[in-house]
Amino acid sequence: MKLAYWMYEGTALSGITRVAGSMQKVHTVIHGPQGDGYVNVMYSMLERFHTIPPFTLSTIGRREMAQGSRARLVETVRRVDAQHQPDIIVITPTCSSTLLQEDLLAVARTLGKQTKAKLIVPNVNAFRDLEHRAMDDFLTQFVAEFATEQPKTEQFSVNLIGPSYLGFHQLHDMQEIRSMLESLGVVVNAVLPYGASIGTLQELTKAHLNICLYHEYGQSACELLKEKFGMDYIVATPIGIRLTSQFVKAIGERAGLPVESYIRQNLAPSGTIARFTKSVDSLSALFGKRAVVFGDYSHAVGMTHLLREIGVRVVWAGTYMKTMEKAFQAAIGDLADEVFVCDDFQAISHKIRDTHPDIVFGTQMERHSSARFNFPCIVISSPAHILNFPLFPAPVLGYQGMTRMLDTINSTIKLGLEEHLVNMFGEDSPGMGEEETAQEQVAVTSDLPKAPDKTTAGEVELKWDAEATKALKQVPFFVRGKVQRNTENYARERGYSEVTLEVIYAAKAYFESKSNQGER
């Protein structure tokens, strides 16, 4: 057993409640100790529920541990059925109910004759299964229970399998994918599990195609629908230019629709993506940057593709999904220098420290590690903090998702002129006083160059020749004072009595060399 704080994936209970809590008219009875009520807090805090989340705890306390908990469970299920009147009541096992060897299926069979709601017990192992495995199994169980043969829709339609509450930006992704499909002339027949009901499950087979948006879960349900009803499906997490374009083409082929104009429109030279990726600032600043990527399978693979598309070198890409190690290695291929599959938070933290990347793309845990080592970090995958559940539209998938991610990279990593100047002359120290800042601002409007106000005893005032003065005036005002001081210090240390253009270039090369050595 591991402490939950150090686990990347949640428990089976987390997976079950993500599926059930995302659906309509479904109420979950959690048969476990008082602490298992944390699910309510997660929904209320992260998803900002304006109503009480659909979970009720059937508490296993000391008395139940000694005498059995069946009576408490029966009473709780009856109360939920009467008060909430759901279509489905999910009786979920926990580690405690498994230890007590409670036969939840027997309870469901007996009570099912007395309740209006249909009772379902997830077929998962509360000890062995983790979050995504439980989600995959439980989704498949729901589909097997309710899906029926239906006539196809007249217009080509699809089911989106995967979006749920508590997923990383998944509801934003759902809206983006829905918008993309509508632009192509494709109808979304159903979404599972988010917003689904018994009626939704029964009408899944009206669609012509199932789209599993995340590789971690949902594919088993698609396989069942294919075997039982002959429904075709694709598994795709469209992140970045290549994967998104492949996704659009796959939809177009199956729907018999022309999609080339849609792709060209989004990748046009005048579009946001092209203007960023082909700008001088981005090409000079991003190309060759060293990044590390870590997260769940889908987001780690997608982000690695995106980074390579904008010229960033991925030193290593990793995932905590150890059961998907072979598939992950095949998906990454030669896109990264190294593939790293591990679920040990400390080992990953140490690897980040030893790699010394320019930027980290990871989970909330990697954000903590990066903060310790002073590396910029962008969270791209669960587990995530409440800050990564934004109120504004923030998709990761599709062309809009790439635009948002490029904007996030732009605001996180030093780009273009800023990086160039920092590498040349260093950053101002955090303790730089207001007096010194004010003096540099005055220098903007004064006749340059001037000798610095702050000099040590015995320092000789340096002269600047005409060419050097002209070059200094071309430096942006907000770093001009810093450039002047560093250049003059360099000249004094080497015995120059006058600053020339050659001295400026020599100082520039010196400070760039120092910066590069520091990065190593």
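Since we're looking at a predicted model, the values are computed, not measured.

### Considering the overall build of the protein
Moving on, step 1. Looking only at helices and strands, the protein has 24 helices and 15 strands in total.
Moving on, step 2. Among the 520 residues that make up the protein, the fraction classed as buried is 53%.
Moving on, step 3. Considering only contacts within the protein whose residues lie at least 6 apart along the sequence, 70% involve residues at least 24 apart.
Moving on, step 4. Accessible surface, the protein: about 24800 Å² in total, of which carbon and sulfur atoms supply 51%.

### Quick notes on the packing of helix 15 (residues 297–309) against helix 16 (residues 325–332)
Moving on, step 1. Remark: helix 15 packs on helix 16, axes separated minimally by 10 Å, with the N-to-C direction vectors making an angle of 15 degrees. Considering the angle they form, helix 15 stands roughly parallel to helix 16. Between helix 15 and helix 16 the crossing geometry is right-handed. On the side of helix 15, the interface is formed by Tyr297, Ala300, Val301, Thr304 and His305, while helix 16 contributes Ala327, Phe328, Ala331 and Ile332.
Moving on, step 2. A per-class count over the contact of helix 15 with helix 16 returns seven nonpolar, two polar and no charged.

### Section: the sheet that holds strand 7 (residues 209–212)
Moving on, step 1. Strand order in this open sheet of four strands is 6-5-7-8, and the pairing throughout is parallel. Sheet topology places strand 6 (187–192) and strand 8 (232–235) at the edges, where each strand pairs with a single neighbour. Here the strands of the sheet are splayed against their neighbours by 25 degrees on average, with no regard to which way each runs.
Moving on, step 2. As paired elements, strand 7 and strand 8 share four bridges and run parallel to each other. Across the sheet, the residue bridging to Cys212 is Val235, located in strand 8.

### Observations regarding the confidence of the model for the protein
Moving on, step 1. Confidence in the prediction of the protein, expressed as mean pLDDT, is 86, and 86% of residues score 70 or more.
Moving on, step 2. Overall, residues 429–445 carries pLDDT values under 50, and its contacts beyond four positions in sequence, including any with other chains, amount to 13 contacts.

### A look at the pairing of strand 11 (residues 336–341)
Moving on, step 1. Across five bridges, strand 10 (residues 313–319) lies against strand 11 in parallel orientation. Among the inter-strand pairings, Gly318 is bridged to a residue of strand 11, identified as Phe340.
Moving on, step 2. As for the winding sense of the linkage, the β-α-β connection from strand 10 through helix 16 to strand 11 is right-handed.

### A look at the sheet that holds strand 9 (residues 290–295)
Strands belonging to one sheet form pairs held by backbone hydrogen bonds; the direction of such a pair is parallel or antiparallel.
Moving on, step 1. Strands sit in the order 11-10-9-12-13 across an open sheet of five strands; the sheet is parallel. The sheet terminates laterally at strand 11 and strand 13 (377–379), the two strands that pair on one side only. Across this sheet, the average inter-strand angle for adjacent strands is 15 degrees, counted without regard to direction.
Moving on, step 2. Of the pairings in the sheet, the one linking strand 9 to strand 12 (residues 359–362) comprises three bridges and is parallel in character. Considered in strand 12, the bridge of Val293 is made with Phe361.
Moving on, step 3. Sheet contacts for helix 18 (residues 364–373): strand 9, strand 12 and strand 13; angle to strand 13, the most-contacted strand, approximately 165 degrees.
Moving on, step 4. Packing of helix 19 (residues 398–412) onto the sheet brings it into contact with strand 12 and strand 13, and relative to strand 13 it is tilted by some 150 degrees.

### Observations concerning the pattern of salt bridges
Moving on, step 1. According to the stated counting rule, one finds 12 salt bridges in the structure shown.
Moving on, step 2. Two residues, Asp337 and Arg313, come together in a salt bridge whose shortest N-O distance is 2.7 Å. Here Asp337 is found in strand 11, whereas its partner Arg313 is found in strand 10, with 24 residues between them in sequence.
Moving on, step 3. The shortest N-O distance in the salt bridge between Arg492 and Glu488 comes to 3.9 Å. Here Arg492 and its partner Glu488 are both found in helix 23 (residues 477–493), four residues apart, which amounts to about one turn of the helix.

### As for helix 19
An α-helical segment advances 3.6 residues per turn. Residues three or four places apart therefore align on the same side.
Moving on, step 1. Here helix 19 contains 15 residues, and its C-alpha end-to-end distance of 21 Å stays within 8% of the 21 Å for a straight helix at 1.5 Å per residue.
Moving on, step 2. Those residues of helix 19 not exposed but buried are Gly398, Tyr399, Gly401, Met402, Met405, Leu406 and Ile409. With its buried residues spanning 150 degrees around the axis, helix 19 presents them on a single face. Set apart from the buried face of helix 19 by more than 90 degrees, the exposed residues are Asp407 and Ser411.

The rules behind these values
Residues numbered from 1 in each chain as written. Predicted model: local features only at pLDDT ≥ 70, side-chain atom pairs only at ≥ 80, totals over all residues. Heavy atoms only, no water. Helix = DSSP H or I, 4+ residues; strand = E, 2+ residues; numbered from the N terminus. Buried < 20%, exposed > 50% of the residue type's maximum accessible area, 1.4 Å probe, protein only. Contact = heavy atoms within 4.5 Å. Areas by Shrake-Rupley, 256 points an atom, 1.4 Å probe, with all protein chains shown as cover. Axes fitted to C-alpha atoms, helices over the stretch in contact; angles between N-to-C directions. Parallel < 35°, antiparallel > 145°, perpendicular 65-115°, else oblique. Left-handed = near helix turned anticlockwise from the far one by under 90°. Nonpolar A, V, L, I, M, F, W, Y, C, P; charged D, E, K, R; others polar. Pairing = 2+ DSSP bridges. pLDDT = per-residue confidence, 0-100. Right-handed = clockwise from strand over helix to strand, strands pointing away. Salt bridge = Lys/Arg side-chain N within 4 Å of Asp/Glu carboxyl O. Expected span 1.5 Å × (residues − 1). Arc of directions from axis to C-beta.

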